[in-house]
Structures are given as C-alpha cells and as structure tokens.
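# Per-entry structural report
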Amino acid sequence: MMNYSSRPPEEPAVHAQDLTVVRGPRTVLRGLDFTVPRGRITGLLGPSGCGKSTLMRAVVGTQAKVTGTLDVLGSPAGHPALRTRIGYVTQAPSVYDDLTVRQNLDYFAAVLDPGRAAADRRHENVTRAIADVDLTTHADALAGNLSGGQRSRVSLAVALLGTPELLVLDEPTVGLDPVLRRDLWQLFHTIAAERGATLLISSHVMDEAERCHRLLLMRAGEILADDTPEALRTRTGSDTVEDAFLRLVDEAIATGRTQETTQETTKETTR
Ligand SMILES: Nc1ncnc2c1ncn2[C@@H]1O[C@H](COP(=O)(O)OP(=O)(O)O)[C@@H](O)[C@H]1O
Ligand SMILES: [Mg+2]
C-alpha cells in the first residue's frame, strides 16, 4: 500500500468507481463514479429517496452490501484507521435533551477518546468544538431548551470533536429558517477554510447548491452531474442549479440513460 506522505496532495478525499449498493430487493446506488476533492465543500443534492444517505453511509463505512471501489482519505471505506479522521452527522442526530451542551460533548468525547489520562485533552477538545460552532455562551444550557439551529450546531460540534479531515453531514440544514441556514453555511465555509477540512453535505433543497464549491447531483440512485455550480449552469444554459438539474433529468429521460421510473413503478404496482 502506498504511504500517506508520498501521495500527491491533489488526491481526492473520496474516490468511487462503480459504487453499487443493494438494499433489500432494490439496487439503490447504481455503479457510481465520482470524486470529492479535498479542502472543499461538495454538495450532494437530489430529491428524497435518491440515495444520498445511502451514499454517505457507504463513505463512512456503515452501509452493508457495498460493491465497487470506494477509497476514503487513501484507505478503503470502513477501514478502522478512518474512524477518527471522519466526522459524521446523521440525518436525525442524537443529542440528549436532558444534558447540557457541554455534557453532551463530554459524553461523546469520552466515547471517542476514553480513559482517565485523556481527560485534559477531552476538556480542551470539547471547549474548542463548542467555540467552533459558536455556542460558548450556551455551553451550560440544556440541549432540550435550544432552538433547532442551535441543536444542529451541537451535532456539528460532536462531529468536530476529533478534528476530522472529512466531515460528512446528512441534510444538516433541513427544517431551519433561511437565516439559520445561511449562518450554518457560513460556519461550514469557515471550517473548510480554517481547517482545510473536506465537507460532504447533502440536501434536497436545490438552492443550497450555490453555497457549495462542487456538486454531485443525484437522481434515482445515479449521479447526473459532478461539477461546479457555475459550470453546471453554463453547460446547461440555466440561470439556477435547480433549472440545470431539471434539464439534466429531462436529458437523461430522453436519452434513456435513466434505469429508474418505469422499472420502479412496475415494481410498486405489482407488489
Ligand atoms: N431498508 C431498506 N430496504 C430497502 N430499501 C431501502 C431501505 N432503506 C432505504 N431504502 C431505499 O433506498 C433508497 C435511497 O434511500 P436514501 O439513501 O435514504 O435516500 P435519500 O437520503 O436521498 O432520501 C430509497 O428509495 C429507499 O426507498
Ligand atoms: Mg437521506
């Protein structure tokens, strides 16, 4: 195996080739090829059910029945060495309502880095993570009393505890009002810029696309585009990424490139 330091710095954070995932009777990811560049924010966008969470679970190594090639930070996805190098926030993050912000983080820090000897380091990491998400003044508030946006930031702080190189955030802005969404995106940019971290962020809201450096547009288990928001708009002659997405969907249907729709509809109705 290649040694980490000898690898070129431009090697992507994630590299997938023919990535396929089967869940129950369905193939939910169909032979995907894509890369996620380092130090950038990549948006994984597509409608509900297209496979965003499945793809993220494959990247963090918690998804069963994954075939093809999937390299993450230079190791195969799921490799034990990646555990502390990846921060992951699931779609329904678990924050304990009856604990304060700091107690929540203390708990997760202890899980991540157990042992009496690590106590000082943990305390430092917790304080830093709380400051990173701008919750220092709320550190002693019960999580149950926080607003939706503040709770999202607690989850993000948990993911930041181990100073991860790759952050995988599954729909972190869902249900937040526009101001909180903007604030959270600003925070993502700060994390990418100041830490050089790689962020993979999913959303089913297309207008979040413009906030990303790069986009993976998904539909029905396939990747329609892997590009920058600007290049996508230019290439499709669209004013917005949402329009670009719709054009790409029409194109895929017209050229028969999509395997979905008819197949899935038949399955649903004959069940
Ligand atoms: N346990 C399961 N068994 C079979 N199919 C599943 C299961 N869980 C999810 N799916 C299917 O996998 C597809 C992708 O789901 P998911 O990755 O959660 O999509 P997204 O995150 O984009 O909403 C969906 O069409 C869903 O119906
Ligand atoms: Mg999902």
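That block above? That's the structure.
Residues numbered from 1 in each chain as written. Chains lettered and ligands numbered in written order. Predicted model: local features only at pLDDT ≥ 70, side-chain atom pairs only at ≥ 80, totals over all residues. Heavy atoms only, no water.

It is worth spelling out the side chain of E208 at this point. Take E208: it is sitting in the loop between β8 (198-203) and β9 (214-219). Residue classification places E208 among the buried residues on the basis of a relative accessible area of 1%. Polar contacts involving the side chain of E208 include one to the side chain of R181, which spans 3.2 Å. (Helix = DSSP H or I, 4+ residues; strand = E, 2+ residues; numbered from the N terminus. Buried < 20%, exposed > 50% of the residue type's maximum accessible area, 1.4 Å probe, protein only. Polar contact = N/O pair within 3.5 Å; in protein donor to acceptor, adjacent residues only side chain to side chain.)

Moving on, we get to helix α5 (residues 178-195). Under the 1.5 Å per step criterion, the end-to-end length of α5 is 26 Å for 18 residues, consistent within 8% with the ideal 26 Å. Among all positions in α5, only R181, L184, W185, L187, F188, I191 and A192 are buried. For α5, the angular spread of buried residues about the axis comes to 155 degrees, placing them on one side. What points out from α5, more than 90 degrees from its buried face, is the exposed set A193 and E194. Against β3 (41-45), α3 (119-132), α4 (148-160), β7 (166-169) and β8 lie the buried residues of α5. Phi turns positive, to about 65 degrees, at G196, one or two residues after α5. (Expected span 1.5 Å × (residues − 1). Arc of directions from axis to C-beta. Contact = heavy atoms within 4.5 Å.)

Let us now look at the environment of R57. Mapped onto the elements, R57 comes out in helix α1 (residues 52-60). For the pair formed by R57 and D170, sequence separation is 113 residues and the distance between their alpha carbons is 9.5 Å. If near-sequence neighbours (up to four positions away) are discounted, R57 is found in contact with R23, T62, Q63 and Y88.

The subject of this paragraph is the sheet that holds strand β2 (residues 26-36). One open sheet holds the four strands; their spatial order is β2-β1-β4-β5, and the pairing between them is antiparallel. The open sheet is flanked by β2 and β5 (75-76), the only strands paired with a single partner. Of the strands in this sheet, β1 (14-23), β2 and β4 (66-72) are in contact with α1, which crosses β2 at around 60 degrees. (Pairing = 2+ DSSP bridges. Axes fitted to C-alpha atoms, helices over the stretch in contact; angles between N-to-C directions.)

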